[in-house]
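Chain by chain, the residues run as shown.
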Protein chains: 2
Amino acid sequence: MLGKNIPVKNSLQNGVILAATATQLPVITQLISKESLAAAGTEGFIIRSVNYQGKKIILITANSDIGILYGSFHFLRLLQTQQPVSKLEIISSPSLQLRLLNHWDNLDRYVERGYAGMSIWNWHTLPDYIDLRYKDYARANASIGINGVSLTNVNANAMVLTKAYLAKCAALANIFRPYGIKVYLTARFSAPIEIGNLKTADPLNDTVRQWWNNKAKEIYEAIPDFGGFLVKANSEGQPGPQNYGRDHADGANMLADAVAPYKGIVMWRAFVYSQQSTDRFKQAYEEFKPLDGKFRKNVLVQVKNGPIDFQPREPFSPLFGAMDQIPLMMEFQLTQEYLGQGTHLVYEAPLFKEVLEADTYAKGKGSTVAKVIDGSLYGHSLNGMAGVSNIGNNRNWTGHLFGQANWYALGRLAWNYNLNSEQIADEWIRQTFTNERSFVTTIKKIMLSSHETMVNYMTPLGLHHIMGNGHHYGPAPWSDNLPRPDWNPVYYHQADSFGIGFDRTVRGTNALAQFAPEIRKQYEDINTCDEKYLLWFHHVSWKHKMKSGLTLWEELCAKYYKAVDDIKAIQQQWNSLKNYVDAERFQHVQQLLTIQVKEAIWWRNACLLYFQTFSKMSIPDKYEQPDKSLKYYKSLRFPYAPGN
Amino acid sequence: MLGKNIPVKNSLQNGVILAATATQLPVITQLISKESLAAAGTEGFIIRSVNYQGKKIILITANSDIGILYGSFHFLRLLQTQQPVSKLEIISSPSLQLRLLNHWDNLDRYVERGYAGMSIWNWHTLPDYIDLRYKDYARANASIGINGVSLTNVNANAMVLTKAYLAKCAALANIFRPYGIKVYLTARFSAPIEIGNLKTADPLNDTVRQWWNNKAKEIYEAIPDFGGFLVKANSEGQPGPQNYGRDHADGANMLADAVAPYKGIVMWRAFVYSQQSTDRFKQAYEEFKPLDGKFRKNVLVQVKNGPIDFQPREPFSPLFGAMDQIPLMMEFQLTQEYLGQGTHLVYEAPLFKEVLEADTYAKGKGSTVAKVIDGSLYGHSLNGMAGVSNIGNNRNWTGHLFGQANWYALGRLAWNYNLNSEQIADEWIRQTFTNERSFVTTIKKIMLSSHETMVNYMTPLGLHHIMGNGHHYGPAPWSDNLPRPDWNPVYYHQADSFGIGFDRTVRGTNALAQFAPEIRKQYEDINTCDEKYLLWFHHVSWKHKMKSGLTLWEELCAKYYKAVDDIKAIQQQWNSLKNYVDAERFQHVQQLLTIQVKEAIWWRNACLLYFQTFSKMSIPDKYEQPDKSLKYYKSLRFPYAPGN
């Protein structure tokens, strides 16, 4: 990093970096105040320029070994981003206690919604073969403060809870432990039937409960610091307590009781919807809000950032601020299932920040989503944030090199959600490429605009869920052939001769009633509703006058066309930076941007041509007209799109 | 490679290396005789130390650009293996015309029998994204003379013949072309139905024939130097001409006619078997021998080295030497489906050589398999050898580092089958690791013994096909639950209270009658049959006296136990070489050898405990007795074993 050898010194000299806990070096309690040490907390650290025995040294200290490691990584970050280190006065402790990656990795190494090759977990050769990447992975995570990994897909396989697989998981846990990372597993609710030979998985059945108690004991014997379970139940075909007439709390509590003796936790996902619901938007709230107060102390409900499913842009989930008895954990998606998958440059920190900074008004103004999930709003000590992993066995980890920035951002925001997107991008660029100013400036601009650009070439003005069925690749707003209406794009955009958009006001499904009155009021009025959410909440006339003075149809065209121009501009900016990047990474990104531009045009043309069949209005002449027909776009098939 | 810069010179100086064809530099015809140039042939090369204009130079010349490239790679090989280069006098031309890799890669990137990650072909991002590895792959292949690649699985998907996928194939062909590598595709026989909307795929139907003619035209428009088709038909559920009452020749000729105008070829696989057959061993011969003489000139029949299916050791297929009108192409398997899959160190050159050097006696003594496949025995100018690829998207290409040696060996032997296994290992070790003598010597010993060792801890004395069903991982000689007898291990070993082995003599299925009388005679007599093939051809009493003086049962025990000792010795030898290898590769192989020893013991114990239930004899006391029960071994399940 510095281009020279840094010697290890055995004596105190000016400029020495000293890293130790107070237990290791009691004099630290004289150099650092009790209050400062307390402020660092269990995992935090202090980096301070101090005079010690007449020498000017840099002290990295903490209350734990992992704190020292985090402090050391932070110090390295300062060096690599060329920050001044002469007068350091840093106390840092994490915003959130659980900072997790959720891998959606199957036991056959297929990664659901994975666009970076296959799973990095080579289950077949574990536990005997320890791929060096496991350690690289742990180190990378520790460097950004991630302290937990759920290894397996939430569409779970009970097999991972068998003895042979627990030995494999234990081998990974052993690699991760020195890096402060705990292993979590996804618990398939029907595991007692599938691998336990029981006839039921009813959470109130004593034999079932005992099975899980025994299973927990077995797991903790293999992995003494096992973190706990992540559960998707009664969701998209997964079994759950409702199969037995029980509720989510019954299910979660059973598992919570099993791991409680070992200080384990349960993260119970709130991602549920059913075809009985009048509006998929409302389902999670309707199922979970009534259960508030019924969960054990070691349960968190893990909520996706938005009410539908990781769309390019969603309003925050109304569950945030609606439940005060149980901690809600944030689930973001790093893997770009709906965000261009493996080939689009989309920096997600602005998306994350938009949600975290959203005000729920749950306890008046300033009740941000961040304050819900950090537990401060309701006084929960258990709290956390998870990112659905975008990591695979690709050489560069994430398929798209810039996918690394999203992994990085998740870790940094889970540590400190007050960091802004620009700071995080700045850090990542400098550590990944170079500190060269013009490069950093241009790439930062590209990254910071990339999410908004993607939203606008895919789903502007609050459109959502209009992608291809199943694989979720490319546009298919016309799609209406799946057996359940809530799987079909036409359900979400509701385009007709009058207009477009999903009416969730009191005149429609009244989903807005799930928000605090302040939010509801703002969104319910078509004139005060932020236009970026407009079609999330209103069925709007094609002729509706937008703030720009354009009609909705014109605005839709304007958004789509501008977004394509914007991604073309990003492409040009990248091309101008050839001299700053090695040829391999330059070509990698260059080729991917070519695909991104092509696909942005595809989205624009396919969506406008299709919506035009309702609006009966023409795409303004000033725009380059689509060179392919709607029929052509509808004819495209992608049976082997990845991640499906 | 040399640790210094090699300057490019514009003037003639002593020590210069000059690489050019006679067309580029006409003076070459004065330096090199017509006869020598002719001997180099189309793809070969000449490397010679010559005096030219008073300077001592090294001349690399050839009749084609690709010859120059091959010559240059050969020269680099000499340098890297530290061969003397002061007096060079090399003329080299390939033994075989078609030197191919067969990828069994699916369009979703799953590799059938792949143990090195997923397919390196990222079909989803092709043709727009060109992974740099495509070029590395082409260069690696060119360096060992491989000149063709069948991109897709023989269990074929017609989709690859659609326009969108042909564009993807064309992109790969463009990368490969400068490296002398042609692209081949697997043709699904029912493609005219599946992607052509025809009602039939009958090869004698004019519409079907026209469809293939048009398809060939379309392919050649996209890929002007397209190599041709590789076809698996009427085999393991694949459609074929027999579905329409036609024969293999009818099917092959239809495709051959379609590609003939463009000089394309068809490689028609002879891997067929059916449950109607009395002995799977005999099926390919029975189906194909009667068709000899019925195939077009641009067809080759591609035959697996042995009559069953890439077992650890097989006698050569009786088809070699049985058909004289059509060229037979050799199909070896690099991917170690039955040879320890991704975790066993098995150097395959001795297996390849054993087959190539086997004498078919088809035209008297000396009618080796090599002379059958190089065309010299019957005067075929079209000839070739294919290796089923062991390459995936793993960082080290082949999963097991030593898998690279098998890829290397295939290329080298296809170029020159007179090279011996030791020479090839020597080259590979020096180019992959180091020229350090003691390292080279020890690793060569390890590699050269590894195949025999593996045969003996899996299937000694001619046992075959006793592995786990479906995934083919681990031992399962007891397995008898598949619907077809010829899929079950018990069909192959025939163990009973009398003895073990498959009687293929005249008293049994008489499969031996498919060989030349010289071979038949030797194998038919239990006393002259090479003991390594004994149980391939005889049902032998447990008490049969072997050449060693031991009974068959004792010999079986001795073989299994010695093989485990041998692999343990290999493990120790590797461990002694720590100082010669970088830590990453050292640990990689070390960990894999731990698995290999463990699995060798598993094979030994599981097989002996099972066969013991028939022999009723004990494992001699001098051996460490199995520490697990047969019941335990039978209970093992591997639903997520790779490659299945």
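Scroll up for the structure.
Only a predicted model underlies this, so the values are computations on that prediction, with no experimental measurement involved.

A. Just the overall build of chain A, in detail. Assigned secondary structure in chain A consists of 20 helices and 14 strands. In terms of overall dimensions, chain A is globule-like: its C-alpha atoms have a radius of gyration of 25 Å, near the 26 Å expected for 644 residues. Projected onto its principal axes, the C-alpha coordinates of chain A cover approximately 80 × 65 × 50 Å. Taking all 644 residues of chain A together, 63% fall into the buried category. When contacts within chain A are restricted to residue pairs at least 6 apart in sequence, long-range pairs at least 24 apart make up 71% of them. Accessible surface, chain A: about 24300 Å² in total, of which carbon and sulfur atoms supply 49%. Charge-centre separation for chain A: the mean point of 67 positive side chains lies 4 Å from the mean point of 58 negative side chains.

B. The nonpolar core, seen in detail. Trp212, Trp574 and Phe611 of chain B are the most contacted members of the largest nonpolar core, which totals 197 residues. Residues within four places of Phe611 of chain B in sequence aside, it is in contact with Leu463, Ile466, Pro477, His493, Ala495, Ile500, Trp542, Trp553, Leu556 and Tyr560 of chain B. Listed in part, the 196 residues of the second largest apolar core include Val208, Tyr220, Ala511 and Trp602 of chain A.

C. Region of interest: the relation of the copies chain B and chain A. Turning chain B through 180 degrees and shifting it by 0.0 Å along the axis lays it on chain A, with an RMSD of 0.0 Å. Each copy turns onto its partner about a two-fold axis. Both copies share a contact surface, since 100% of the interface residues of chain B are interface residues in chain A too.

D. Just the sheet that holds strand β5 (residues 98-102) of chain A, in detail. All names here are of chain A. Read around the barrel, eight strands follow the order β5-β6-β7-β8-β9-β10-β11-β12 and close on themselves; strand pairing throughout is parallel. On average, adjacent strands in this sheet sit at an angle of 25 degrees to one another, irrespective of strand direction. Here four bridges tie strand β11 (residues 328-333) to strand β12 (residues 384-388), and the two strands are oriented parallel to one another. Counterpart to Met330 in the pairing with β12 is Met385.

E. Expanded view of the environment of Ser376 of chain A. Residues and elements named next belong to chain A. With respect to the secondary-structure elements, Ser376 resides in the loop between α11 (369-373) and β12. According to the relative accessible area criterion, Ser376 is partly exposed, its value standing at 47%. For the pair formed by Ser376 and Asn575, sequence separation is 199 residues and the distance between their alpha carbons is 45 Å. For Ser376, the side chain forms a polar contact with the side chain of Asp374, separated by 2.6 Å.

Definitions and limits used
Residues numbered from 1 in each chain as written. Chains lettered and ligands numbered in written order. Predicted model: local features only at pLDDT ≥ 70, side-chain atom pairs only at ≥ 80, totals over all residues. Heavy atoms only, no water. Helix = DSSP H or I, 4+ residues; strand = E, 2+ residues; numbered from the N terminus. Rg over C-alpha atoms; globule rule 2.2 N^0.38 Å. Buried < 20%, exposed > 50% of the residue type's maximum accessible area, 1.4 Å probe, protein only. Contact = heavy atoms within 4.5 Å. Areas by Shrake-Rupley, 256 points an atom, 1.4 Å probe, with all protein chains shown as cover. Lys, Arg positive; Asp, Glu negative; His and termini not counted. Charge placed at Lys NZ, Arg CZ, Asp CG, Glu CD. Core = buried A, V, L, I, M, F, W, Y, C linked by side-chain atoms within 4.5 Å. Least-squares fit on C-alpha atoms with pLDDT ≥ 70 in both. Pairing = 2+ DSSP bridges. Axes fitted to C-alpha atoms, helices over the stretch in contact; angles between N-to-C directions. Polar contact = N/O pair within 3.5 Å; in protein donor to acceptor, adjacent residues only side chain to side chain.

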